[in-house]
Amino acid sequence: MANDGRDGYRFKIGMRLMELGLDSFDDMLTVAQEVGVDSVWFNRLPGVERMAALSDAEWDRIAAQVARYGLHISVISPEIPFKQLHLTELPLGNPHDHPVYRQHLDDLVRTMQVAARLDIGAVNLHSFAWPGEYSAGKPTWPMRWLTGGGVIADIDMEKLVQALSPAVEAAEYYKVDLVFSQEPWIYTNTTTNFRRVAEALGSQRVKLMWTPSDNFNSGERHVETAGFHNARPYLHSFHLKNVHVFDGPSLKFEYRSLATGDVDYVPILRQLRDYRCDAVLALATHFTPPGGTHVDAMRINAAELRAMIAQVEAEG
């Protein structure tokens, strides 16, 4: 599905397999092959209770299975490290005192070992949750929306650096990239906040899985322009979905197909081409068409992405 434009630039297309909602890894890979993507990524697999507990031999079989479908793996992850761990829970000065943090870090390091051995080259993680995000009805949400994503206090930045630096050091040791996700519920929710965290960590191994729709849903504006320039130095891949926000401060929104949400992907694709960015456009869904399935949603997004790419390439 990747396209070679007249100037030789090639859009790289991938797929987030878990969003297909299928119970078989082979069925997921079959859809990816039929849609025509180049690569896949996943942080869970059917029948696998804990990704970080997989042996080298089990990972070898997974990689071989992906290769049989003519695909490769763009990034791997041990579920969702640090996503649902509130930063407020971590003690300042020694996050290792928190047992969940220690387990997530150990799982992430094990995944780096796998990524290095299989020459995947990238592992995915989340940053930590904003105060009360998963326990008290999102009390900081209105403030975060109205400030364009939330203000990271100096003490919170200090905690983030303390908690994430061991992961950065491990990524540098294993020579793999540390690819941060973006969701409205975590500290790297916007390109501005991600860039603050990345600059504080100060490593070339820190990368971004850019999610423009989550930036927009977090209250960040000018996603297609200023957001792109914040993301570009760190860009590894995209989590490609779209959203329509009805009432931002009240967190009223719905996910939509790529061409029908609030984020305009055409100028983003145009800038990817103009700057010749080597980033994977990893298709996702998050919506279900009326009477359809997650697989139908993936096919809709793939078709809409093809149309957008064709529009950009027709411009010359």
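Scroll up to find the structure.
Bear in mind that the values here come from a model prediction, so they are computed numbers and not experimental data.

**Section: the environment of asparagine 43**
Within the secondary structure layout, asparagine 43 lies in the loop between strand 3 (39-42) and helix 2 (56-68). On the accessibility criterion, asparagine 43 (1% relative accessible area) is buried. For the pair asparagine 43 and glycine 291, spaced 248 residues apart in the sequence, the C-alpha separation amounts to 28 Å. Ignoring any residue separated from it by four or fewer positions in sequence, one finds asparagine 43 in contact with Arg16, Met18, Met51, Ser77, Pro78, Glu79 and Ile80.

**Some points on the nonpolar core**
Within the largest apolar cluster, 99 residues are counted, with the highest numbers of intra-cluster contacts made by Leu17, Phe42, Phe128, Leu178, Leu272 and Leu283. By residue number, the principal contributor to this core is helix 5 (residues 154-174), which donates eight residues. Phenylalanine 128 has contacts with Phe82, Lys83, Leu85, Leu87, Leu90, Tyr101, Leu160, Ala163, Leu164, Trp185, Ile186 and Tyr187, leaving out every residue within four places of it along the chain.

**Observations regarding the environment of methionine 28**
Within the secondary structure, methionine 28 is located in helix 1 (residues 25-35). Residues methionine 28 and leucine 45, 17 residues apart in the sequence, show an inter-C-alpha distance of 9.9 Å. Each residue touching methionine 28, except ones within four places of it in the same chain, is listed here: Leu17, Leu20, Leu22 and Pro46.

**Examining the environment of valine 35**
Structurally, the position occupied by valine 35 is in helix 1. The spacing of valine 35 and methionine 15 is 20 residues in sequence and 9.3 Å in space, taken between C-alpha atoms.

**Re the side chain of serine 127**
Assignment of secondary structure puts serine 127 in the loop between strand 5 (122-125) and helix 4 (141-146). By relative accessible area, which is 1% here, serine 127 ends up buried. There is a polar contact of 3.2 Å between the side chain of serine 127 and the backbone nitrogen of tyrosine 187. Engagement of the side chain of serine 127 in a polar contact is seen with the side chain of threonine 188, the distance being 2.8 Å. Residues contacting serine 127, with those up to four places away along its chain left out, are Phe82, Lys83, Phe180, Ile186, Tyr187 and Thr188.

Rules of the game
Residues numbered from 1 in each chain as written. Predicted model: local features only at pLDDT ≥ 70, side-chain atom pairs only at ≥ 80, totals over all residues. Heavy atoms only, no water. Helix = DSSP H or I, 4+ residues; strand = E, 2+ residues; numbered from the N terminus. Buried < 20%, exposed > 50% of the residue type's maximum accessible area, 1.4 Å probe, protein only. Contact = heavy atoms within 4.5 Å. Core = buried A, V, L, I, M, F, W, Y, C linked by side-chain atoms within 4.5 Å. Polar contact = N/O pair within 3.5 Å; in protein donor to acceptor, adjacent residues only side chain to side chain.

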